[in-house]
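# Tertiary structure, described
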Amino acid sequence: MFWVFSFHCHIYPYADEESARLETLRDLLVQIQDMQKVLSQTESYQSQVLNRAASSLHHWRVSVRKMKHIYLILNLCSVRERCLIGEVWCPVNDLPVLQGALARASEDSGGGGESFCHRIPCSVSPPTLIRTNKFTAGFQEIVDSYGVASYQEVNPALYTIITFPFLFAVMFGDVGHGILMFLFALWLVLGEDDPKLKRSENEIFSMCFGGRYLILLMGAFSVYTGFVYNECFSRATSIFPSGWNVTSMAYDNNDLHKAFKAKSPVDPLNPNMTGVFIGVYPFGIDPVSFLYKSIASLFDLLWGV
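As recorded by an unreviewed UniProt entry, the protein chain carries the name V-type proton ATPase subunit a and is attributed to Pelobates cultripes. UniProt, in the comment section headed Subcellular location (unreviewed entry), describes the protein chain in these words: "Membrane". What UniProt states about the protein chain under its Sequence similarities (unreviewed entry) heading is, verbatim, "Belongs to the V-ATPase 116 kDa subunit family."

To continue, consider the nonpolar core. In terms of nonpolar packing, the biggest core is built from 12 residues, these being F139, I142, I161, F168, M181, A185, V189, Y213, L214, I215, L216 and M218. If you list the elements that add at least two residues to this core, you get α3 (137-146), α4 (157-171), α5 (175-190) and α8 (212-229). The contact partners of I215, leaving out residues within four places of it in the chain, are M181, A185 and C208.

Together, F166, L167, V170, Y224, F227, Y229, I239, F240, F283 and I285 line one region of the surface with nonpolar side chains, adding up to about 860 Å² of accessible area. Mapped by element, the contributors of at least two residues to the nonpolar patch are α4 and α8. Positionally, L167 belongs in helix α4. Taking the relative accessible area as the measure of exposure, L167 reaches 51% and is therefore exposed.

Following the UniProt record, one finds the feature "transmembrane region" (unreviewed entry) at residues 166-190 and 211-229. Secondary structure across residues 211-229 comprises 95% helix and 0% strand; the distance between its end C-alpha atoms is 26 Å.

Attention now moves to α5. For α5, with 16 residues, the first-to-last C-alpha span of 22 Å sits near the 22 Å given by 1.5 Å per residue. Considered for burial, the residues of α5 that qualify are V175, G176, G178, M181, A185, L188 and V189. Residue D174 occupies the N-cap position of α5, its side-chain oxygen lying 3.0 Å from the main-chain nitrogen of G176.

The subject of this paragraph is the packing of aromatic side chains. Counted under the stated rule, the structure contains 6 aromatic pairs. Ring geometry for F135 and Y213: centres 5.5 Å apart, planes at 70 degrees, overall edge-to-face. Of this pair, F135 sits in the loop between α2 (95-109) and α3 while Y213 sits in helix α8, placing them 78 residues apart in sequence. Of the aromatic side chains, those joined through ring pairs into one cluster are F135, F139 and Y213. If you follow R212 out to its NZ or CZ, it ends over the ring of F209, 4.5 Å from the centre.

Cut-offs used in this document
Residues numbered from 1 in each chain as written. Predicted model: local features only at pLDDT ≥ 70, side-chain atom pairs only at ≥ 80, totals over all residues. Heavy atoms only, no water. UniProt positions renumbered as here; feature names shortened; annotations may be inferred. Core = buried A, V, L, I, M, F, W, Y, C linked by side-chain atoms within 4.5 Å. Buried < 20%, exposed > 50% of the residue type's maximum accessible area, 1.4 Å probe, protein only. Helix = DSSP H or I, 4+ residues; strand = E, 2+ residues; numbered from the N terminus. Contact = heavy atoms within 4.5 Å. Patch = residues over 30% accessible without salt bridge, like charges linked within 9 Å, V, L, I, M, F, W, Y side chains within 5 Å. Areas by Shrake-Rupley, 256 points an atom, 1.4 Å probe, with all protein chains shown as cover. Salt bridge = Lys/Arg side-chain N within 4 Å of Asp/Glu carboxyl O. Expected span 1.5 Å × (residues − 1). Polar contact = N/O pair within 3.5 Å; in protein donor to acceptor, adjacent residues only side chain to side chain. Phe/Tyr/Trp six-rings, centres within 6.5 Å; stacked < 30°, edge-to-face > 60°. Lys NZ or Arg CZ within 6 Å of the ring centre and 35° of its normal.

Have a look at this one:
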């Protein structure tokens with residue numbers, strides 16, 4: 001005994017004659033071809049419809065956004081005697097631009113009415129408007145994260161353009177890391193018009209892209225302070241020969257020097273001794289002088305304790 005399970009399928013009887021089975025098979029093949037033809041035509045039609053819709057998708061999206069913004073502004077206005085009245089803050093320098101836009105809107109609408117702008121005296125302090133560009137936007141965001149300046153106050157972002165990268169470089173003074181940061185920011189600056197970089201969905205990358213000019217200055221200043229500190233990839237370097245030589249101090253037979261040496265475990269560098277001070281270090285901090293003074297200060301502290 002055989003059990004046949006079907007899930008909404010057509011069950012065809014198995015004919016005894018071979019000719020009847022072949023005829024049934026041919027009919028099924030014809031039906032399959034017809035169904036495949038219908039499916040291919042349907043897919044082709046859907047593809048054509050979607051292609052036409054894709055070409056108009058950008059315009060539809062722009063139209064929808066315009067309508068949403070228009071209705072958002074209309075909802076903020078008040079209706080009085082068949083007139084829309086909106087109270088907004090506008091910079092004085094932009095009043096001619098606003099009046100021109102209202103006049104063009106009245107002409108284009110063809111409604112017969114006229115739109116106009118009227119200044120209303122107000123005792124409330126106006127909000128702060130700080131105009132920025134692609135270079136100053138990142139610095140202004142840093143300042144605004146701490147607090148927005150009041151109306152007619154000095155904008156500290158102007159000074160932050162120099163002080164913030166420099167103070168960062170004082171802490172991050174490294175030639176190697178500074179060059180890497182500078183090159184990364186330079187790549188962002190050169191490709192700032194690339195849509196892929198502008199519309200990146202990565203939050204960290206978008207933050208770096210917004211502050212690309214800030215990172216560029218931070219990297220440049222870090223390279224400068226890295227040369228001052230003689231640091232490259234966290235390793236001390238000596239680009240120029242040192243201007244100090246402690247060998248002459250070791251062979252000094254001065255009695256006063258011997259008495260001072262007996263009291264202090266570390267001798268300070270004495271430029272008055274012949275051969276100790278050779279010349280000024282060309283650029284940055286002399287590595288020998290800096291290390292020697294650091295060790296001397298440490299020993300003086302421990303000796304005093």
